[in-house]
Amino acid sequence: MIRTVAVSPFSDQKPGTSGLRKKVSVFRQPHYAECFIQSIFDVLEGMDGQTLVVGGDGRFWNREVVQTTIRMAAANGFARVIVGRGGILSTPAASHVIRKYGAFGGIILSASHNPGGPDEDFGIKYNASNGGPAPERITDAIYARSRIIDSYRIYETGDVDIDVIGDSFVGATKVQVIDPVADYADLMEGLFDFAAIRALIAGGFRLSFDAMHAVTGPYAVEILERRLGAPAGSVVNAVPLPDFGGHHPDPNMVHAKALFDRMFAADAPDFGAASDGDGDRNIILGRGIFVTPSDSLAMLAANAHLAPGYADGLAGIARSMPTSAAADRVADALGLPHYETPTGWKFFGNLLDAGRVTICGEESAGTGSSHVREKDGLWAVLLWLNILAARRESVAAIARQHWLRFGRNYYARHDYEAIDSAAAEGLIAALREKLATLPGNRIGDLAVIAADDFAYHDPVDGSDSRHQGIRILFEGGSRIVFRLSGTGTSGATLRVYLERYEPADGRLDYETPAALAGLIAAADGIAEIRSRTGRQRPDVIT
Ligand code: VG1
Ligand code: CO
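Residues numbered from 1 in each chain as written. Chains lettered and ligands numbered in written order. Predicted model: local features only at pLDDT ≥ 70, side-chain atom pairs only at ≥ 80, totals over all residues.

An unreviewed UniProt entry lists the chain under the name phosphoglucomutase (alpha-D-glucose-1,6-bisphosphate-dependent), with Edaphosphingomonas laterariae as the source organism. The Sequence similarities (unreviewed entry) comment attached to the chain in UniProt states, word for word, "Belongs to the phosphohexose mutase family." Among the UniProt annotations of the chain, the heading Catalytic activity (unreviewed entry) holds the following wording: "alpha-D-glucose 1-phosphate = alpha-D-glucose 6-phosphate". (UniProt positions renumbered as here; feature names shortened; annotations may be inferred.)

What follows is the structure, encoded as structure tokens:
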């Protein structure tokens, strides 16, 4: 029986960079998730008789909201709901499943790299029929709806068994539980030369993949160990846990320290990688080297033709604004168009759908391609492995040759987490005020040539997105970017992005902190970070 439940709206359901993210305690309020899900359904049109995909990263509260979503989808006219077994679907796998089965859209339950557990974070996001995160036009409409919603519809019934593959019904709605891994693994097998990677591994090449007790574990075990023959144990922390084992499933130097230690040890494997809570991020390491995500994007773009799925070359390359310009140099050298979008994968969707770009990336450990409409952690790992199998050189050698050809964009991001929101907003407002006065000034030995608040005009649908980050550009290609995170759940997080370009005949062997020292000092000088935030140093450097 369908029940209509009267509610008063919540005022805080504004989606951020990637969906609605809140503490679990917020989501546990009666009707909270229901109101957001109904707000999504209310702004969509034509769901009747359609398919909805549901799955998440397995974190605490995932299973409960999967059940709620199934019941609400049934009450809102969907004819079919496809669910990953156990309520599991990595973000890229969900994107693929939406596309493969011609679904109307999908609801993905994840707070991505944020920690999980009863006292930590949960999230809900909506992806459209192209498999990609809903564009701002839709997320804005969902938020507007959530502020006035007065009821939701839900089917009254017991829980669906989501742990067994097969079909059941909620009212007239068919619920199909599918293997969350198989379709995705098959997709990867179609893009990459698995035989060559298998031969590389059989020849003694050693790899270590840290799944961080998050959703990629089962995917990585199936693909890397079963299909590609990496020895058992090549995937570590492979079992997804509702609290990610108490860790922060964010693959960076701080939270994936064990992997960094392994890759910088004397007996390091040839290749190391890790992914995040929902499987869309990746970091890449070789023996004794960390490839920054911005460099990884550029190196993948430069070598993608070595993989069968990209043998015909790329249509173009897109990167988010704070991502380093390394990929632009590759695009220029290959004669490809390149695009600079605001932070967040939703801005790549139109470019991918229009066939203008093939590969996209963000400095925040996100890379992906037109095979789905999300960033895709394992995809990046497999493209790297395919390139390594084709070139038979080390990661360090490939990086070195890349810099010798294109120059090197030294890069780091400094995060100041959970700072006072008013102080963070004050800092950005003060920067905005100053923008017009900066060009022409010198800060240390850096000459400012331009400063602005980044705005994006989408060349496909003509939409405009303003206030996407403060950019200060210096002579010679160096840059500082300031923006506030849109994924945090407590206080504000200030991100400071630092980039310095050294041409191919410049110094390519600096340690990154030394290369960026002047920019780090300039960032504090311009934005008064220490005095405004009260912090002496960043919490995380990536
Ligand atoms: C962060 C990253 C951004 C990424 C977003 C979602 O956003 O900076 O590049 O797209 O997370 O990634 P923000 O607003 O906190 O800077 V995920 O893997 O958390 O879905
Ligand atoms: Co993620």
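Having seen the structure, we can now continue with the description.
Trainee: Quick one: what's the story with helix α4 (residues 91-100), residue by residue and with numbers?
Mentor: Where burial is concerned, most of α4 is hidden: 9 out of the 10 residues are buried. Those residues of α4 that fall on the buried side of the exposure criterion are T91, P92, A93, A94, S95, H96, V97, I98 and R99. With its phi angle positive at about 60°, G102 sits one or two positions after the end of α4. (Buried ≥ 20, exposed ≤ 12 C-beta atoms within 10 Å, placed from the backbone. Helix = DSSP H or I, 4+ residues; strand = E, 2+ residues; numbered from the N terminus.)

Trainee: Which residues make up the domain arrangement of the chain, and what are the values?
Mentor: According to the domain assignment, the chain contains domain 1 (2-179), domain 2 (184-406) and domain 3 (408-541). Distance between the C-alpha centres of domain 1 and domain 2: 28 Å. Residue-level contacts link 29 residues of domain 1 with 30 residues of domain 2. Top contributing element to the side of domain 1 that touches domain 2 by residue count: α4, with 6 residues. For the side of domain 1 that touches domain 2, the class distribution of residues is 9 nonpolar, 16 polar and 4 charged. (Domains from an automatic or database assignment. Contact = placed C-beta atoms within 7 Å. Nonpolar A, V, L, I, M, F, W, Y, C, P; charged D, E, K, R; others polar.)

Trainee: Mind laying out the site of ligand 1, listing which residues take part and the relevant values?
Mentor: Lining the immediate surroundings of ligand 1 are 18 residues, of which T17, S112, S485, G486 and T487 lie closest. Here the residues of the shell around ligand 1 are counted per class, giving 1 nonpolar, 12 polar and 5 charged. (Near = placed C-beta within 6 Å.)

Trainee: Help me get a handle on the pairing of strand β6 (residues 121-127), residues and values and all.
Mentor: For β6, the tally of buried residues reaches 7 of 7 residues, placing the bulk of the element in the interior. Alternating positions in β6 separate into two faces, D121, G123, K125 and N127 on one and F122, I124 and Y126 on the other, with burial throughout. Examined bridge by bridge, strand β2 (residues 20-23) and β6 share 4 bridges and lie antiparallel to one another. Within β6, the residue paired with L20 across the bridge is I124. Bridge count for strand β5 (residues 105-109) against β6 is 4 bridges, and the pairing is antiparallel. (Pairing = 2+ DSSP bridges.)

Trainee: Quick rundown of unusual backbone geometry? Include the residues and the values.
Mentor: Positive phi, close to 70°, is recorded for A365, a residue that is not glycine. By the element assignment, A365 lies in the loop between β17 (359-362) and β18 (366-369). For A365, a count of 27 C-beta atoms within 10 Å puts it in the buried group. A positive phi angle is found at H467, which is not glycine, with a value near 55°. Its location among the elements puts H467 in the loop between β23 (464-465) and β24 (470-474).

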